[in-house]
Amino acid sequence: GDLWVGTDGGGLNRVRPRVFGVQPDSRGLTIQSACDDRQGGVWYVNIGGKLSHWLGGNLTQYDQAQGLSDPNVRTVFVDRSGRVLVGTTSKGLFALHDGRFVQILGNATNTAPYISVIYEDRQGRIWLGTEAGLILQEGSRWVVYTTESGLTANDVRAIEDDADGNLWIGTDGGGLNCLRD
């Protein structure tokens with residue numbers, strides 16, 4: 001698939017299609033979380049906690065004016081229903097409703113609200129990785145798993161489930177944990 005071009009004094013050049021592109025408004029930023037949405041857009045968070053949405057060539061940024069009372073967003077996730085969820089460093093979890101973010105989980109779980117990762121498993125359940133444990137949304141209540149529940153460390157950084165229904169939890173300092181049944 002390469003195109004070879006002979007030049008007059010410039011040698012032989014190989015022309016390849018460009019595989020990667022940079023979203024222009026993100027150039028120079030450190031992106032810590034990104035996900036796509038059902039409209040073909042991309043949500044992303046950069047170091048410093050700024051939340052942005054790129055859709056159809058337009059960039060929209062979200063902050064306190066749109067309901068994010070914590071300016072330090074850590075992670076963004078769009079679930080299967082299309083709901084945009086945002087985890088912050090001190091105010092917990094927010095969901096986008098009619099153009100505004102509404103807090104849906106704060107200190108009610110008695111855990112540190114610093115959310116590092118949001119994940120939806122194959123069953124459609126929402127899991128949160130925080131500095132103080134793993135949190136599962138079951139209907140309107142939240143269940144917290146910590147070292148007292150068997151985690152090797154409370155600081156959860158990565159979550160993934162497998163085809164057998166096992167939940168894999170990456171921790172800071174505690175290795176990889178597996179939650180079965």
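A short tour of the structure in this document, coming up. (Residues numbered from 1 in each chain as written. Predicted model: local features only at pLDDT ≥ 70, side-chain atom pairs only at ≥ 80, totals over all residues. Heavy atoms only, no water.)

Some points on the overall build of the protein
Looking only at helices and strands, the protein has zero helices and 17 strands in total. Taken against the 2.2 N^0.38 rule, which gives 16 Å for 181 residues, the C-alpha radius of gyration of the protein at 20 Å runs more than 25% over that of a compact globule. Judged by the C-alpha coordinates and their principal axes, the protein covers about 70 × 40 × 30 Å. Every one of the 181 residues in the protein was classed for burial, and the buried ones make up 41%. (Helix = DSSP H or I, 4+ residues; strand = E, 2+ residues; numbered from the N terminus. Rg over C-alpha atoms; globule rule 2.2 N^0.38 Å. Buried < 20%, exposed > 50% of the residue type's maximum accessible area, 1.4 Å probe, protein only.)

A closer look at the pairing of strand E10 (residues 100-105)
Pairing geometry for strand E9 (residues 93-97) and E10, over five bridges, is antiparallel. Paired with phenylalanine 94 across the two strands is glutamine 103, which belongs to E10. Counted between consecutive antiparallel strands, the loop separating E9 from E10 contains two residues, among which aspartate 98 sits at a positive phi close to 50 degrees. (Pairing = 2+ DSSP bridges.)

Points about the nonpolar core
Counting residues in each nonpolar core, the largest one holds 14 residues, and the members touching the most others are Trp43, Leu51, Leu68, Val76, Val84, Val86 and Phe101. Residue assignment for this core shows that the elements contributing at least two residues are strand E4 (42-46), strand E7 (73-78), strand E8 (84-88) and E9. The leading source of residues in this core is E7, at three residues. For leucine 68, the contacting residues outside a window of four places in its chain are Leu51, Tyr62, Asp63, Val73, Val86, Phe94 and Phe101. (Core = buried A, V, L, I, M, F, W, Y, C linked by side-chain atoms within 4.5 Å. Contact = heavy atoms within 4.5 Å.)

A look at the packing of aromatic side chains
Tallied over the full model, the rule gives three aromatic pairs. Here a set of aromatic residues connected by ring pairs shows up, and it is made of Trp43, Tyr62 and Phe101. (Phe/Tyr/Trp six-rings, centres within 6.5 Å; stacked < 30°, edge-to-face > 60°.)

Here's the deal with unusual backbone geometry
At aspartate 98, a residue that is not glycine, the phi angle is positive and equals roughly 50 degrees. Within the secondary structure layout, aspartate 98 lies in the loop between E9 and E10. For aspartate 181, which is not a glycine, the phi torsion comes out positive at approximately 55 degrees. Along the chain, aspartate 181 turns up in the segment after strand E17 (176-179).

Thoughts on the pattern of salt bridges
All told, the structure shown has seven salt bridges when counted by the stated rule. Two residues, glutamate 120 and arginine 80, come together in a salt bridge whose shortest N-O distance is 3.8 Å. A residue pair is termed long-range when its members are at least 10 positions apart, and glutamate 120 in strand E11 (residues 115-120) and arginine 80 in the loop between E7 and E8 qualify at 40 residues. By relative accessible area, which is 12% here, glutamate 120 ends up buried. A relative accessible area of 41% means that arginine 80 is categorised as partly exposed. In this structure, arginine 141 engages glutamate 138 in a salt bridge whose closest nitrogen and oxygen atoms are separated by 2.8 Å. When its relative accessible area of 33% is taken as the criterion, glutamate 138 is described as partly exposed. Members of the salt-bridge network, linked through shared partners, are Asp155, Arg157 and Asp172. (Salt bridge = Lys/Arg side-chain N within 4 Å of Asp/Glu carboxyl O.)

Quick look at the side chain of aspartate 162
Within the fold, aspartate 162 resides in the loop between strand E15 (156-161) and strand E16 (167-171). As a buried residue without a salt bridge, aspartate 162 has its nearest oppositely charged side chain in arginine 122, at a separation of 5.9 Å. Apart from residues lying up to four places away in sequence, aspartate 162 is in contact with Arg122 and Trp168. (Lys, Arg positive; Asp, Glu negative; His and termini not counted.)

Describing the sheet that holds E7
If you trace the four strands from one edge of the open sheet to the other, you get E7-E8-E9-E10, paired in antiparallel fashion. Two strands lie at the open edges of the sheet, namely E7 and E10, each paired on one side alone. Direction aside, neighbouring strands of the sheet carry axes that sit 30 degrees apart on average. Across three bridges, the pairing between E8 and E9 is antiparallel. Paired with leucine 85 across the bridge in E9 is alanine 95. (Axes fitted to C-alpha atoms, helices over the stretch in contact; angles between N-to-C directions.)

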